[in-house]
Amino acid sequence: MKKSNLIIVIVLLLITTVFTVIYLPSRTASAPGSLTITYEGKDISVDPFKAPAVDVQGTTINGKGKENVISDTGVTLLSVLNLADITLDDFSVAKIVSTDEYSAELTAAEISSDGVAYLTSSTDDAGALKIKLVVFGDSNSKRQVKDVARIELKK
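In what follows, the accompanying structure is described.

About the criteria used
Position numbers for residues count from 1 along each chain, tracking the sequence in the order it is written. Restriction of local features to residues with pLDDT of at least 70 applies here, the model being predicted, together with a cutoff of 80 or more for giving and counting side-chain atom pairs; totals for whole chains, interfaces and linings are based on all residues. Side-chain metrics rest on all non-hydrogen atoms present in the structure, leaving aside hydrogens and water. For two strands to pair, DSSP has to find at least two bridges joining them. Helix and strand assignments come from DSSP, with helices taken as H or I runs of at least 4 residues and strands as E runs of at least 2, each series counted from the N terminus. With axes taken as lines fitted to C-alpha atoms, and helix axes fitted only over the stretch in contact, angles between N-to-C directions fall between 0 and 180 degrees. We call Phe, Tyr and Trp rings a pair once their centres come within 6.5 Å, taking the six-membered ring for Trp, and we label the pair stacked below 30 degrees between planes, edge-to-face above 60, and tilted otherwise. Note on classification: 1.4 Å probe, protein chains only; a residue is buried when its accessible area is under 20% of the maximum for its type, exposed when over 50%, partly exposed between these limits. Only buried residues count toward a nonpolar core, which is a set of Ala, Val, Leu, Ile, Met, Phe, Trp, Tyr and Cys residues joined through side-chain atoms within 4.5 Å. Residues count as neighbours in contact if any of their non-hydrogen atoms are within 4.5 Å of one another.

1. Looking at the sheet that holds strand 5 (residues 93–98)
In sheet architecture, strand pairing relies on hydrogen bonds along the backbone and comes in two forms, parallel and antiparallel.
Phase 1 of the analysis: Spatially, 2-1-9-5-6 is the arrangement adopted by the 5 strands of the open sheet, whose pairing is mixed. Edge positions in the sheet fall to strand 2 (42–46) and strand 6 (103–107), since each has one partner strand and no second. Each neighbouring strand pair of the sheet contributes to a mean axis angle of 20°, computed without reference to strand direction.
Phase 2 of the analysis: The sheet contact formed by strand 5 and strand 6 spans 5 bridges and is antiparallel. Paired with V97 across the bridge in strand 6 is S103.

Shown next, in the form of structure tokens:
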């Protein structure tokens, strides 16, 4: 390998290391089985499954038109926000973010609608609780978020 190529590789590794050291500590992790609601500059940790349980039933459709019938138990997204004393008047958009930073946005109107937005739970192979956002009524199920870690509310 040429000396200049080696220098370029070393510089890129150093830049990656610096960004990793700066970025990773700024990420907030929720306690297992809970999620963080970010609202007005505050982080509020809640156990979403302390909200009243409801039946989650409906059909989602993926980008290829394949239907997925869902029949589960979960909680409404609105009831989870209510656990943190947040009402529909407090925000206009909720961004639901997974541990890998995949996200989906829902409006307050969608969250207030019956039969649209739910959180369900499952366990992974290691027995850890995983939280999933289920959104009914979309023509493409891109707003299904697996392993939900936080909800960011915007005015």
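Resuming the write-up.
2. Quick look at the packing of aromatic side chains
Phase 1 of the analysis: Following the criterion strictly, the structure yields 1 aromatic pair and no others.
Phase 2 of the analysis: Aromatic pair Y118 and F136: ring centres 6.0 Å apart, planes at 70°, arrangement edge-to-face. One end of the pair, Y118, is in strand 7 (residues 117–123); the other, F136, is in the loop between strand 8 (129–135) and strand 9 (148–154), and 18 residues separate them in sequence. Across the pair, exposure class does not vary: Y118 and F136 are buried alike.

3. A short note on the nonpolar core
Phase 1 of the analysis: In terms of nonpolar packing, the biggest core is built from 28 residues, with I37, L77, I96, L119, L133, I151 and L153 touching the most fellow members.
Phase 2 of the analysis: Listing elements by their share of this core, those giving two or more residues are strand 1 (35–39), helix 2 (77–83), strand 5, strand 6, helix 3 (108–112), strand 7, strand 8 and strand 9.
Phase 3 of the analysis: In this view, I96 contacts L77, Y102, S103, A104, L106, L133, V145, V148, R150 and I151; residues no more than four positions away in its chain are not counted.
Phase 4 of the analysis: Core analysis: the second largest hydrophobic core is formed by 5 residues, V56, Y118, V134 and F136 among them.

4. Overview of the sheet that holds strand 7
Phase 1 of the analysis: With antiparallel pairing, the 4 strands of this open sheet are ordered in space as 3-4-7-8. Each end of this open sheet is capped by a strand with a single partner; those strands are strand 3 (54–61) and strand 8. The average angle at which neighbouring strand axes cross in this sheet is 50°, direction not considered.
Phase 2 of the analysis: In the sheet, strand 4 (residues 67–76) pairs with strand 7 via 3 bridges, with the strands oriented antiparallel. Following the sheet pairing, T76 is matched in strand 7 by Y118.

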